[in-house]
Every structure is written in C-alpha cells, then in structure tokens.
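One letter stands for each residue in the lines below.
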2 protein chains.
Amino acid sequence: MELPGSHKTNPAKAPLVTSREVLFNPIKTKRAFEKISTEIKQIIFKGTLQPGDKLPSEAELANQFGVGRQTIREALRLLELSGFISMQKGGAGGALVVDTILNTISNSFLDLFQMKRMTMNEVTVARIEIEKMVLSNVILHAETSDIELLHANVQRAREKIAHGVQAFDDNIQFHKLLAKASGNQVYVIVMESIIAVVAHFRSLLGMDLELSSQVVEDHEKIVEAIIRRDHDTALKLLESHLLDVDRRFKGFISRQKKRGRTEDYF
Amino acid sequence: MELPGSHKTNPAKAPLVTSREVLFNPIKTKRAFEKISTEIKQIIFKGTLQPGDKLPSEAELANQFGVGRQTIREALRLLELSGFISMQKGGAGGALVVDTILNTISNSFLDLFQMKRMTMNEVTVARIEIEKMVLSNVILHAETSDIELLHANVQRAREKIAHGVQAFDDNIQFHKLLAKASGNQVYVIVMESIIAVVAHFRSLLGMDLELSSQVVEDHEKIVEAIIRRDHDTALKLLESHLLDVDRRFKGFISRQKKRGRTEDYF
DNA sequence: TCACATTTGTCCGTATGTATC
DNA sequence: AGATACATACGGACAAATGTG
C-alpha cells in the first residue's frame, strides 16, 4: 500500500486539483481529515485496498500522511460511518477494510423517517408499487438458485412457526431475497432501505405469533406463484399481502392512540 | 437544551438498556463518541433541537457530557456525515443543526457505484421502470404548483440553450422535480440517489450543447403531456427519452474504449 | 495462566487559522 | 483594525482491550 507524502501545516494551500472537469471549486476548503478520508477512499475504489485488507495503525497513518493522530482518527470516523472500514481494538486490531455501504444507506433512510421527512403511509404506498415492479422482474428473469433461496426461506420460517417461535427476521429477509432475485442491485438497495423502515416500525409495535404465521403463509403462496411463473397471480397475492400488513399496522396504531399514545406515523 | 450528566471512565459498564424489545444486545460495546452522537440525534428526533439551532461549542459540550474535546469532535464528525449538523468555523461558528440527510444517501449510493457494486446498466434499467412509475403518479395526482415548477424548469433550460449555454443542472433538476411532483418522499429519495449516479457518470463523459438541447426538447414534450394528463403519451415519451440518453452514453463509452480507456461501467 | 506488546479509546494542554463583532 | 470566540490541529500521556508467547 502506498500513501502520499507528508506536508505539515498545509504549505501555501496548494490547489491540489486532481479531479478533472470541476467547475466552481467547492466553497468549503476541505479540512485535513476530509482530504485523508477521500484519499483512502480513492485507494479502495481503485482496488488497491480491498475488503479483508487492514490499514496501517493510526500512529503509522499519522506518520505517512504527516498529520497528528487526532486528524487520522476523524478521517477514520468518516470512513467507518460511510461503511468502508470497521475498527477493531486490541493487539492485532486496527482498521479493517469492509463493505457495509448498503447498511449505511438503510440507516440514513431510517433517519429520514425518524426526522418525519416521510410518513409510514408514503413508505407503504411506494413499497407496494416498487415491490410489484421487483416481483415482475423476478418472474421474468430470476435464476432458479434465487428462487430456491426464497423457497428455503419460507420453509425455515414455517418450521419456526410450527415450534411456536416467531419468524420475524426470516419474514424481513424474504423481501430482501425477492429484490436479490430480480438480479438488479438498485432494487436490492431500494428494498433494503424501505424494509429497514418497515422493520423499525414493526419492532416499535411488537408482533404476535398469529401475524407472523399469516405472513409466512402469504409468502409461501407467492413463492408458489413465482415457481409457476404465474405473473398475475403473484402480483395480486403480493399486493393483498402488503395491504393486509398495512391494515394490521393501522389497527395497532389506532388501538394505541386510544391509550393515549399520540405519535402520528401515517 | 438538556444534556446528560457526566461519568468518566464508564463506571461498571452498566447495561444502560433504554431501548425496548432488543434481543441480543449489540456485540460491540458502544464507544463514548457513539453514545454522544446518538444522544444528540435523539434530541434532534424529539424536535428539541431543530434545523437552524446551534449546538454549544465543543468545549462546552465536552463539559456537559463530561468527556474530552476529542471525543466530542468524533461525535460531531458522525453527526456531520450523517447530515444532521454542519460545522462553521470562526467567531460565531459552531455546530449548526441542519437536515442534509438526503444528500448523505445520494453520496453513499454513489459510493456503491464507484465500488462497482452496481453497473450503469442496472441503474438505467431500474431508472426507466421507476421513473415511469413516478410519472404515472405525477399524472394521477400532481398539484398544479408542482407542474408549474416543471414548466418553469423547462423554460429556464430553453433560455440557456438559446444563449448557447448548457443547461446541465436544470436537466438534472427536472427529474428531481418530477419525483417531487409525485407527492411521495420515498420517490424523491430514490430518484435523487439514482440521478446522483447519472450526473456523476455524465460529468465523467462531458456533455455537448447539442445533447443538452435535445434533452430539453424531450423534457418539454413530457411536460406538455403531463399538463394534458395524457398518461400513455407521457410514459412513451419518457421511456424513449431515457433510452435515447442511454444510447448516447454507450456511444461515448465505445468511442472512448477505442482510445484505450478500458473502464467498464456497463 | 500470566505477562507483554500492540493498538484503539480517551484526556489534557497548546497553538493556529478564521470568521464575526 | 483589533479583540474575541470558535473550529482545527498537534503532541504527549494513560487507560482499556486483545492477541501472543
């Protein structure tokens, strides 16, 4: 791994224009830790540093970049929150290159919900349309291996229900697998984000075994329709499934409102 | 504003379970700056701190939380990158509460693209389907004020073209306005993210005036169809517009490949 | 099992640049 | 223009965690 040379106190504040085609240079003069963060990010983009690799220790990075350790640490915070590295304490610890960017996006999406920049109603409406679109793609060109994953998911969930255990995580996972089966990463990301909000919301409400059981049944029928490549039936099943879950959500809410809870999510 | 009391050296590592329904507490013991970050985030969620408000100075925050300034700084980095605050240096400076979460999501989405976790082809395919869906919503229930914004956008772009100036930003903005006109924030976010990738890609290629001009013409026709509430025509126009832009992208790429550039985006 | 080395996490003091009044 | 207040950054120090011999 190669890291750029050192330059203390930022001599003469050189332009340092490596990017091309940038009209109107950013107003904000980049701070040292930002430069270092983007520098390391570029190295990861280039593939020189890959998930699994380890960055040098903070002290060494400070040496190589010619800055203090505090600056390095703030740069690492950026990379960590962006999903590029994960920190590990102790002897053989350090900054490990990972790729959890997807997670980062879901978290920010959830932040938007908690900032009340979107309502649960908007999420539901968009979710139904998007998920139907995804399902169309799945039926058109899903690989059998992906369909098998869906099938396995439902089986696992069924067994849990049979043992009186909730299948919360599996039910969430089902929709992620659906997006994956579409073969388009963009859908995976969008679905993951939307599902994060739904999961958050559901965990606020609490789930009972009966609902979990109903959900698994719905999922099972959808998978069967997918296997038969029965486009229309699959879409109808999905829509009624999502609408049903939505109704249950709203039922929970209205019952809670009567007990004094006034948070409005819809 | 109220900030929690101080407690140095984390006495006895108390469970501190404020969240309900959390089975399997997180493996990673939260670090001080993470706790402080989520603490402040909660205050913002609650509405006690709103965009426009200012946080106390780093020194004061360090006092109130009973930690060192470095810890506060790292917490502020998290909040800054998450889009909750923006730092301002100088006399009356400090941490200003803002809401640029949307921006954060677009940036991460772009990161995924640069990590080659998705291809330009996937983006285009998903974009066409999603944007058609958005447009359907626009025609069904867009407010006239939103349609006027679309109209004004096209007019502004036309004037720029007439003066021989590119309308890059306006052309990008058009699609964001379209999402806004759908009335669903979820679509706004998804569109913003996808458009961020498209804009990045386009800036890599460079644009000529002729393309910009063609784009504006397409947009204008789409707006006209929206005003007439002509659903089918609008969707057809949009699809051919997006496919056309995609063809031009691919044309650029194949010409560049002949000149030795081998980056594969599709 | 125990000591040791390494590395992150945290604190303090200090200096500097910068925007505001 | 000068004073002030603040973020930015450096360096040294110690605590805590974790793997290793």
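Quick caveat: nothing in here was measured; it's all calculated off a predicted structure.

(A) Representation of the overall build of chain A in the model. Along the backbone of chain A there are ten helices and two strands. When its helices and strands are written in sequence order, chain A yields α-α-α-β-β-α-α-α-α-α-α-α. In chain A, buried positions account for 33% of the 266 residues. Within chain A, counting contacts between residues at least 6 apart in sequence, those at least 24 apart form 66% of the total.

(B) Spotlight on the relation of the copies chain B and chain A. When chain B is brought onto chain A, the operation consists of a screw motion whose angular component is 180° and whose axial shift is 0.0 Å, with 0.1 Å RMSD remaining. The two molecules are tied by a two-fold rotation axis, judged by turn and shift.

(C) Broad picture of the interface of chain B and chain A. Between chain B and chain A, the contact holds 35 residues from the first and 35 residues from the second. Residue assignment for the side of chain B that touches chain A shows that the elements contributing at least two residues are helix H3 (69-82), helix H4 (101-114), helix H5 (120-141) and helix H8 (185-205) of chain B. Examining the composition of the side of chain B that touches chain A, we find that eight residues originate from one element, H4 of chain B, more than from any other. Split by residue class, the side of chain B that touches chain A holds 17 nonpolar, nine polar and nine charged.

(D) Representation of the nonpolar core in the model. Counting residues in each nonpolar core, the largest one holds 88 residues, and the members touching the most others are Leu-178 of chain A together with Leu-178 of chain B. When sequence neighbours within four positions are dropped, the list of residues in contact with Leu-178 of chain B reads Val-134, Leu-135, Val-138 and Leu-150 of chain B.

(E) Region of the structure containing unusual backbone geometry. A positive phi angle, near 60°, is found at Lys-116 of chain A, a position not held by glycine. By the secondary structure assignment, Lys-116 of chain A is in the loop between helix H4 (101-114) and helix H5 (120-141).

(F) Main features of the protein's contact with DNA strand C. Taken together, 23 residues surround DNA strand C, and among them Ala-32, Gly-68, Thr-71, Gly-90 and Gly-91 of chain B come closest. Elements with a minimum of two residues in the surface near DNA strand C: helix H2 (58-65) and strand S2 (94-97) of chain A together with helix H1 (32-46) and H3 of chain B. Among the residues forming the surface near DNA strand C, the class breakdown is seven nonpolar, ten polar and six charged.

(G) Geometry of the protein's contact with DNA strand D. In the vicinity of DNA strand D lie 23 residues, with Ala-32, Val-67, Gly-68, Gly-90 and Gly-91 of chain A positioned nearest. Of all elements in the fold, only helix H1 (32-46) and helix H3 (69-81) of chain A together with helix H2 (58-65) and strand S2 (94-97) of chain B reach the threshold of two or more residues within the surface near DNA strand D.

(H) Expanded view of H5 of chain B. Relative to the 32 Å expected for 22 residues at 1.5 Å per residue, H5 of chain B spans 31 Å between its end C-alpha atoms, a close match to the ideal helical length. Check the buried side of H5 of chain B and you find it contacts H5 and helix H8 (185-205) of chain A together with helix H7 (168-181), H8, helix H9 (209-227) and helix H10 (231-258) of chain B.

(I) Examining the pairing of S2 of chain B more closely. Residue and element names in this part refer to chain B. Relative to S2, strand S1 (residues 85-88) runs antiparallel, the two sharing four bridges. Note that in S2 the partner of Ser-86 across the bridge is Leu-96. Here S1 folds back onto S2, and the loop between the two strands holds five residues, one of which, Gly-90, carries a positive phi near 95°.

(J) Just the packing of helix H9 (residues 209-227) of chain A against helix H10 (residues 231-258) of chain A, in detail. Residues and elements named next belong to chain A. Where H9 meets H10, the closest approach of the two axes is 8 Å, and the angle between their N-to-C directions is 165°. It follows from the interaxial angle that H9 and H10 lie roughly antiparallel. Judged by the sense of rotation from one axis to the other, the crossing of H9 with H10 is left-handed. The residues of H10 that touch H9, namely those facing Leu-211, Asp-218, Lys-221, Ile-222, Ala-225 and Ile-226, are Thr-233, Ala-234, Leu-237, Leu-238, His-241 and Arg-248.

(K) Representation of the environment of Val-215 of chain B within the structure. Here Val-215 of chain B shows up in helix H9. Between the C-alpha atoms of Val-215 of chain B and Val-245 of chain B, which are 30 residues apart in sequence, the distance is 8.1 Å.

(L) How the structure looks around the confidence of the model for chain A. Residues with a pLDDT of 70 or more make up 89% of chain A, whose mean pLDDT is 89. Segment residues 1-22 of chain A: pLDDT under 50, and eleven contacts once partners within four positions in sequence are set aside and those in other chains are kept.

(M) Looking closely at the packing of H5 of chain B against H7 of chain B. All names here are of chain B. Running from amino to carboxyl end, H5 crosses H7 at an angle of 55°, the nearest separation of the two axes being 8 Å. Judged on the interaxial angle alone, H7 and H5 are oblique. With respect to the hand of their crossing, H5 and H7 are arranged in left-handed fashion. Seen from H5, the contacting residues are Glu-131, Val-134, Leu-135 and Val-138; seen from H7, they are His-175, Leu-178, Ala-179 and Ala-181. For the contact of H5 with H7, the residue count by class is six nonpolar, one polar and one charged.

(N) Summary view of H4 of chain A. The end-to-end C-alpha distance of H4 of chain A is 20 Å, a good match for the 20 Å that 14 residues give at a rise of 1.5 Å each. By the burial criterion, the buried members of H4 of chain A are Ile-101, Thr-104, Ile-105, Ser-106, Ser-108, Phe-109, Asp-111, Leu-112 and Phe-113 of chain A. Against the buried residues of H4 of chain A lie H3 and H8 of chain A together with H3, H4 and H8 of chain B.

(O) Representation of the environment of Ser-145 of chain B. Along the chain, Ser-145 of chain B falls in helix H6 (residues 144-162). In this structure Ser-145 of chain B comes out as exposed when scored by C-beta crowding, with 8 C-beta atoms within 10 Å.

(P) Representation of the environment of Gly-93 of chain A in the model. Residues and elements named next belong to chain A. Its place among the elements puts Gly-93 in the loop between strand S1 (85-88) and S2. Gly-93 sits in the exposed class, given 11 other C-beta atoms within 10 Å. As a C-alpha pair, Gly-93 and Gln-155 span 62 residues in sequence and 39 Å in three-dimensional space.

What counts as what
- Throughout, residues of each chain are indexed from 1 in the direction in which the sequence is written.
- In the order they appear in the text, chains get letters beginning with A and ligands get numbers beginning with 1.
- Only residues with pLDDT of 70 or above have their local features reported here, since the model is predicted, and side-chain atom pairs are shown and tallied only from 80 upward, although totals for entire chains, interfaces and linings are computed over all residues.
- In DSSP terms, a helix is any run of H or I states spanning at least four residues, a strand is any run of E spanning at least two, and both are numbered starting from the N terminus.
- Exposed residues have 12 or fewer other C-beta atoms within 10 Å of their own C-beta, buried residues have 20 or more, and partly exposed residues fall in between, where C-beta atoms are placed from the backbone.
- Note on contacts: residues are paired as contacts if their backbone-placed C-beta atoms lie within 7 Å.
- We place the copies in one frame by least squares, fitting the C-alpha atoms of every residue whose pLDDT is at least 70 in both.
- Each residue receives one of three labels: charged for Asp, Glu, Lys and Arg, nonpolar for Ala, Val, Leu, Ile, Met, Phe, Trp, Tyr, Cys and Pro, and polar for the others, Gly being one of them.
- Buried Ala, Val, Leu, Ile, Met, Phe, Trp, Tyr and Cys residues whose C-beta atoms connect them within 7 Å together make up a nonpolar core.
- Here, nearness is defined through the C-beta atom: a residue counts as near a molecule or strand if that backbone-placed atom lies within 6 Å of it.
- How far a helix is expected to stretch is found by multiplying one less than its residue total by 1.5 Å.
- DSSP-based pairing: two strands are paired if at least 2 bridges between them are found.
- To get an axis, fit a line to the C-alpha atoms, keeping to the stretch in contact for a helix; angles then go from 0 to 180 degrees between the N-to-C directions.
- Orientation is classified from the angle alone, with under 35 degrees giving roughly parallel, over 145 giving roughly antiparallel, 65 to 115 giving roughly perpendicular, and any other angle giving oblique.
- Whether a crossing is left-handed or right-handed is set by the direction in which the near helix is turned from the far one by less than a right angle, anticlockwise for left-handed and clockwise for right-handed.
- pLDDT measures the predictor's confidence residue by residue and takes values from 0 up to 100.

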